[in-house]
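Okay, here's what each chain looks like letter by letter:
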Amino acid sequence: MPTSSELAVVATNLGKRYRLGESIRHDVARDWLADSAAQLLRRRRTASTRSAPSELWALRGVEFEIVRGDVVGVIGRNGAGKSTLLKILTRVTRPTIGSLRGWGRVGSLLELGTGFHPELTGRENVFLSGAVLGMRRAEIVRKFDRIVEFSGIEHMLDTPVKRYSSGMYVRLGFSVAAHLEPDILVLDEVLAVGDAPFQARCLELVRRLSHEGTTVLLVSHNLNTVTSFCRSGLLLEQGRVTAQGAVSEVARTYTRSLEAAAGQTLDERRDRAGEGRVRVLSAEARGAGGPGSALETGEPAGFGFEVSSSLPGLQCSFTVYDIAGTAVTYFDSAETSPQDVPFDTEIGSSPGSVSCELDELLLLPGRYRLNVALYLDGQLQDHVEAAAFFSVARGTIRGRQVHSGQARGGLQIPHLWRFEHETARHGSAGVR
Amino acid sequence: MISTAVREPELRSFTVETRRSGIGGSAERLREVVDSRELLAFLAWRDLTVRYKQSSIGVLWAVLQPLLLAAAFTLFFGKLAGLDAGNVSYALATFVALLPWQLVAFGVFSASGSVVRGQDLVTRVYFPRILIPLAPFAVALVDFFAAFTVALVWVAIASPSLALTIAWVPAFLLLALVTTVGVGCWLAALNVRFRDVQVAVPLLVQLWFFCTPIAYPSSLVPEEWRVAYAVNPMVTAVDGFRAALLGGPHLQLQAVAVSVSVAGALLLTGVGFFWRTEDTIADVV
C-alpha cells in the first residue's frame, strides 16, 4: 500500500452522468418552459408518470491509484469513458459522484494551442496560452526563450498566428504546454498530430519528463504505442475499470475482451467514430477457399467488407494487429495501383461490398485482428476497432515452412539464403 | 536541453469532487478568483489588444460613438422635439449621460456572449469560469476613460464652473459597474443553456436605454414615481454622473438607496447564479 507521498492520483467511487441530449433539448427557453410546465402538471396528477430522463453513465464506480512517476496507458474502446476520466483529472468537468484526488500540477496535451487567439502574434500567444494553462507571468518570462527555441519558429514570433501553417501552430502550442513542467502529464492522441520528427520530439520530451519523476497518463487507440511506452495500464470498459496493472497484462485483457465482443454483429456496435454517412456492416478475412475458409501463410487470402452505401469518393483502409496489439501491416484503397478495380460507387446509395485480395499472405501463423475505417472524400465516416478476428494457419512461403513466432514479428518476407566459401571467392579472384 | 527542474517532495494536493455549494463553496470560488487575477489580467489584455489591433482609428471609436449618438439625439429630441436639459446644453447633457451608459451596454453585450464564445477554452482547461465574463470590462473601461477625457474638456469649455462634485464620479461609475457585472453574469450563465439570450440582449439593452434618463432628463418623470423609477440602478448612476460633472438637481436619497440596493442584489445574485451553473458549463455549452 503506497503512502500518500508516493501517490499521484487516487479515484474513489468516481462516477459521471451525462443527460443525453441535454444541451440540445434545453437550447431554447420555450422548450424548457414547456418542459417545466408539463413536468409541473404531470407531477400534480401522478408522480409516477414522469418519464426518467435518458442518461448515460460515462464513468461509474471507478476506483484506482496511480503511483507517482508511473507511466500509465489508459486503454479502452471508443466511448469507454477515457476522455471523461481525463476531463475530470484536468478539472474541466466535475464528477457526479465520488472524488478524485491528485498531487501537484496537472498539465495536458489534449489540444495544442489552447488559448491561442488568431489575431495575436506568436510572442503574445505564448504569454496568453501559458497563463491559460496555469503559469504565472514571471514563470513565462523565465521560460520564454526556451519555449521559443524549442518551437523552432523564432522567425515568425511577431507574426499573427492566423498566418501560421498548422504545423507551426501545433509546434508553438506544444512548446508552451511542454514547458509547463507538470507533475502529472495527460496526453490524448496528441502523438497522432504533426510529422514524424515532431512526434519523435514529443516522445523524447515525455520520456525526459517521466525520467524526472512526472507521472504520465497516455490515452491512445494505438495499443502498440501504449505497450511500448507505458509501464502500467488501466483498462476502461463501459465506464468501469476492468483491469489495472502491468501494461502487457492489461493489453492482453483488452485484446481478449475485444475478441469476446467480436461475437456481436457490427451493426450492434456503438463504439465507433466518424460522420456515419457510410458504415461498415460486416468484416471478414477469408482464405484461398473463399468466404468462410481458413487462412494459411503463403496462400492467397482476401479481406471483405460490406458497406451500407455506395456513395462516390469511398475509401477503405484497415490495419492488422497481432494479439499483443502491435500493428503488423496496413492496407489503404486511397493509394491506388493500376491493377486495382476502381470502386464503382457512382451508381447509387445501395449497400455494397469492398474487397482486398492478396496473392500471397505473408503473415506468420497466429491470431490477428483488424481495425477498419471508411472515408468519403477524405472525411472519416466510420471507424471500428477489432472489426474482425482471424487465425492464420501454418503454411509455406515459396516452399519454405514458416513457424509461429509472434514474439519475433508478424511477417515473413520472401527471401533466399546463400553460403559462399572464402576459398572459392579467393580462388576465383586468383584465376583472374 | 538541460533540465533544472527540481521537484518539491511535498506536492500540493487537489481534489475534484461533485459540485461545490453553500458558503464554503463560494469562499473557495472567491479564493480561486483572487488566485487567478493574473490570468484575468491576461484575458483583459487579450481583449484590448485584439480590439485595437486591426482598427485604424483605434480608441477614437470610443469617443466617436457617443458623439454621433449625442448629435442625433440633439437633432431629433433637443431641436425638433424641444427637450430641454436645464442649465446646460442638451448636447452636452446627453453626451455625458451616454458615457456610463456605453459602459453598461458594451459590458452587457460582451459579457452575455462571452462564455459561449469562449467555449473552446472552457471545454479544454480549468480556471475560474467567471473570469470570462469579467475580462471584457477592461475594454469597456478603457473606452469609458477615453470618452471621459473628451467630456472633461467639453465641460471645462462649456461651464467653467466645473466643481468639486466631480469627486463623486467614481461612486456613480462603480454603481454602473456593479449593475453591469451582475446583469452580465446572469446573462452569460443563462446563455450557456438558452441561446435565446443572444437574440434577446440587443432588445433588452434598447429597452433599458429608454428606461434610463439619457436622451431625456429624469425631471420628465413625475415626482411621485421617482423612487419606483430608481429601481433601474442606471437611473441613479446616470443622473448622479451627470450631476457630478454638470451640476444640477440633488438626487433623492430614497431613490439612491433603492438603486444601490438593486445593484447590490443584481451583483450578488448574478455571481451566485453563475457559480451555481459554473461546474456544468463544460458539459452543457
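Residues numbered from 1 in each chain as written. Chains lettered and ligands numbered in written order. Predicted model: local features only at pLDDT ≥ 70, side-chain atom pairs only at ≥ 80, totals over all residues.

1. Considerations on the interface of chain A and chain B
- Each partner contributes to the interface: chain A provides 43 residues, whereas chain B provides 34 residues.
- Residue assignment for the side of chain A that touches chain B shows that the elements contributing at least two residues are α1 (22-25), α2 (29-45), β4 (97-103) and α4 (122-133) of chain A.
- Here the side of chain A that touches chain B is built from residues that sort into 17 nonpolar, twelve polar and 14 charged.
- Two strands pair when backbone bridges link them, and β4(A) and strand β1 (residues 13-16) of chain B are joined in this way by four bridges, in the antiparallel orientation. (Contact = placed C-beta atoms within 7 Å. Helix = DSSP H or I, 4+ residues; strand = E, 2+ residues; numbered from the N terminus. Nonpolar A, V, L, I, M, F, W, Y, C, P; charged D, E, K, R; others polar. Pairing = 2+ DSSP bridges.)

2. Looking at the confidence of the model for chain B
Residues and elements named next belong to chain B.
- Per-residue confidence for chain B gives a mean pLDDT of 87; residues scoring 70 or more make up 96%.
- Here helix α13 (residues 281-284) is the element of chain B with the lowest mean pLDDT, 83, and helix α8 (residues 169-193) is the one with the highest, 95.
- This stretch, residues 1-8, has a pLDDT under 50; its non-local contacts, to residues over four places away or in other chains, come to five contacts.
- Complex prediction metrics read pTM 0.75 and ipTM 0.84. (pLDDT = per-residue confidence, 0-100.)

3. A look at α4(A)
- For α4(A), spanning twelve residues, the distance from its first C-alpha to its last is 16 Å, which sits close to the expected 16 Å at 1.5 Å a residue.
- The buried fraction of α4(A) is high, at eleven of twelve residues.
- Every buried residue of α4(A) is accounted for by A:G122, A:E124, A:N125, A:V126, A:F127, A:L128, A:S129, A:G130, A:A131, A:V132 and A:L133.
- Against the buried residues of α4(A) lie β5 (106-109), α5 (137-151) and α6 (166-178) of chain A together with α2 (37-53) and α5 (119-122) of chain B.
- Taken from the residues just after α4(A), A:G134 is the one with a positive phi, measuring 115°. (Expected span 1.5 Å × (residues − 1). Buried ≥ 20, exposed ≤ 12 C-beta atoms within 10 Å, placed from the backbone.)

4. A few points about α8(B)
- Here α8(B) is 25 residues long and its end C-alpha atoms lie 37 Å apart, about the 36 Å a rise of 1.5 Å per residue gives.
- When you tally the buried positions in α8(B), you get 20 out of 25 residues, the bulk of the element.

5. Section: the packing of α8(B) against helix α11 (residues 233-246) of chain B
Residue and element names in this part refer to chain B.
- Direction vectors running N to C along α8 and α11 enclose 160°, while the axes themselves pass 9 Å from each other. It follows from the interaxial angle that α8 and α11 lie roughly antiparallel. Considering how the two elements wind past one another, α8 and α11 form a crossing that is left-handed. In contact with V169, F172, L175, A176 and T179 of α8, α11 contributes P233, M234, T236, A237, G240, F241, A244 and L245.
- Class assignment for the residues of the contact of α8 with α11 results in ten nonpolar, three polar and no charged. (Axes fitted to C-alpha atoms, helices over the stretch in contact; angles between N-to-C directions. Parallel < 35°, antiparallel > 145°, perpendicular 65-115°, else oblique. Left-handed = near helix turned anticlockwise from the far one by under 90°.)

6. Focus on the environment of A:G287
Residue and element names in this part refer to chain A.
- Structurally, G287 can be placed in the loop between β11 (280-286) and β12 (295-296).
- As for G287 and F389, which are separated by 102 residues in sequence, their C-alpha atoms are 13 Å apart.
- Residues in contact with G287, not counting those within four places in the same chain, are S293, A294, L295, E296, E299 and A301.

7. A closer look at the sheet that holds β5(A)
Residue and element names in this part refer to chain A.
- Read across the sheet, six strands follow the order β5-β6-β7-β3-β8-β9 without closing on themselves; strand pairing throughout is mixed. A single partner strand is all that each edge strand has here, and the edge strands are β5 and β9 (240-246). On average, each strand axis in the sheet is inclined to that of its neighbour by 20°, with strand direction left out of account.
- By the bridge criterion, six bridges tie strand β8 (residues 232-237) to β9 in an arrangement that is antiparallel. Paired with L236 across the two strands is V241, which belongs to β9.

8. Describing the sheet that holds strand β2 (residues 55-67) of chain A
- If you walk across this open sheet you meet the four strands as β2(A)-β1(A)-β4(A)-β1(B), and the pairing is antiparallel. On the outer flanks of this sheet lie β2 of chain A together with β1 of chain B, each paired with one strand and no other. Put simply, the sheet's adjacent strands are angled 20° from each other on average, direction ignored.
- Strands β1 (7-19), β2 and β4 of chain A together with β1 of chain B of the sheet are contacted by helix α3 (residues 82-89) of chain A, whose axis makes an angle of about 120° with β1(A).

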